[in-house]
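# Breakdown of the fold
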Amino acid sequence: MKRVTVLAGGVGGARFTRGLLAHLAVLAPDAAVTVIVNTGDDMWLDGLRICPDLDTVMYTLGGGINEEQGWGRPDETRRASAEIAAYGRGWSWFTLGDLDLATHIVRTDLLRNGSTLSQATEFLCRRWQPGVRLLPMSDQPVETHVCLAENIDEHTAGDYIHFEEWWVRYRARVTITGFKQQGLTDAVAAPGVLEAITEADLVVLPPSNPVVSVGTILAVPGVRQALRSTGARVVGVSPIIGGAAVRGMADTCLHTIGVETSALAVGLHYGARTNGGVLDAWLIDGTDAAALPTLAAAGIRSAAVPVWMTDLPATTAMAAAVLALAATA
Ligand code: FO1
């Protein structure tokens, strides 16, 4: 098990990867892990390029994450954000912490001086040492926007707003009719992304949001093909336990694309590699064990183990279960 690649969003992907690194440190100390991260949540705000999922993975694996929030830095202050609000600028509902601002300032400085997002990310990781190769899914901007189904505040039904406004300002409680990845048609996979999939021994789809996080990475040209052609085993971990999303509002996202909120439905949504999909195997929670025969009939080898990411021992055990499942798939 030398080369492991993880396709991650923010909190869920970062926490799973922390367990994976802990497990590999014992089982396969010479394994190299690459994390391909969703950049669909990225936005320009206050003149800065904000990359929520890249930062969440970098901080979580680098020991700088606010553990309670799952994003941003601990012991934060928001003095600069309050000053920006005093000018009536920025997003009052999306606070940039003072410590976190340094990351956005340095990244934006690098981008404005000709670095690609991959190069800027690599630079930031020199400080944080996440213990993985951290790759944006693309160096071109791809932003997830949602189409509103109703009027709200200054917005009208039919308008598209940035995913983060829907997610953070409205907590996904405003009905939408769909998602759009703006910039996707001009985007290519970032350097090393497709090879990290095709040359891996194991590829993991962690319990990140299957629509706006993993789904966005899968939409990048060439990624699906790489997953379908890789010699690696491709194993996913269900973000849904007992019919409820483990984190965030994944159930609202699934409903929007017409997928039922269940471990079975998400597994079938990803699909078996033997049947046009991307999975060889699917790890679900014990409470969803009734789905195992249906998944097997669909060509997806599955196992039912605890997949609540309550703490590091839990995520380490999940990683062990993923590797065990990969060995049998
Ligand atoms: N999430 C919130 O709910 N409120 C915020 O004010 C907020 C600010 C923020 C700033 C930087 C950053 O990297 C993430 C931030 N997030 C915030 C989390 C963000 O919405 C999520 O990490 C992902 O975009 C969704 O998975």
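Residues numbered from 1 in each chain as written. Predicted model: local features only at pLDDT ≥ 70, side-chain atom pairs only at ≥ 80, totals over all residues. Heavy atoms only, no water.

### Digging into the domain arrangement of the chain
Under the domain assignment, the chain is made up of domain 1 (3-89 + 186-328) and domain 2 (143-182). At the junction of the two partners, domain 1 supplies 18 residues and domain 2 supplies 14 residues. Taken together, both faces of the contact between domain 1 and domain 2 bury some 1,200 Å²; the carbon and sulfur share is 67%. A per-residue breakdown of the area domain 1 buries against domain 2 is headed by Val-212, Met-249 and Thr-256, which together make up 39% of the total. Seen at the junction of domain 1 and domain 2, the total is 1 salt bridge. Along the contact surface separating domain 1 from domain 2 lie 4 residue pairs in polar contact (both at pLDDT 80 or more). Listed by contribution, the elements that provide at least two residues to the side of domain 1 that touches domain 2 are strand E3 (43-45) and helix H10 (250-256). Element by element, the count of residues in the side of domain 1 that touches domain 2 is highest for H10, at 4 residues. Tallied by class, residues from the side of domain 1 that touches domain 2 come to 9 nonpolar, 6 polar and 3 charged. (Domains from an automatic or database assignment. Contact = heavy atoms within 4.5 Å. Buried area = accessible area lost by both parts, 1.4 Å probe. Salt bridge = Lys/Arg side-chain N within 4 Å of Asp/Glu carboxyl O. Polar contact = N/O pair within 3.5 Å; in protein donor to acceptor, adjacent residues only side chain to side chain. Helix = DSSP H or I, 4+ residues; strand = E, 2+ residues; numbered from the N terminus. Nonpolar A, V, L, I, M, F, W, Y, C, P; charged D, E, K, R; others polar.)

### Section: the site of the ligand
Close to the ligand lie Asp-41, Pro-52, Asp-53, Trp-71, Trp-93, Phe-94, Thr-95, Asp-100, Glu-164, Trp-167, Val-168 and Arg-171. With respect to the ligand, the side chain of Asp-41 contributes an N or O atom lying 3.0 Å from an oxygen atom. In the environment of the ligand, an oxygen atom lies 3.0 Å from a nitrogen or oxygen atom belonging to the backbone of Thr-95. Only helix H2 (52-62) and helix H6 (163-169) provide two or more residues apiece to the shell around the ligand. For the shell around the ligand, the leading source of residues is H6, giving 3 residues. Here the residues of the shell around the ligand are counted per class, giving 6 nonpolar, 1 polar and 5 charged. Split by domain, the residues of the shell around the ligand number at least three in each of domain 1 (3-89 + 186-328) and domain 2 (143-182). (Near = heavy atom within 4 Å.)

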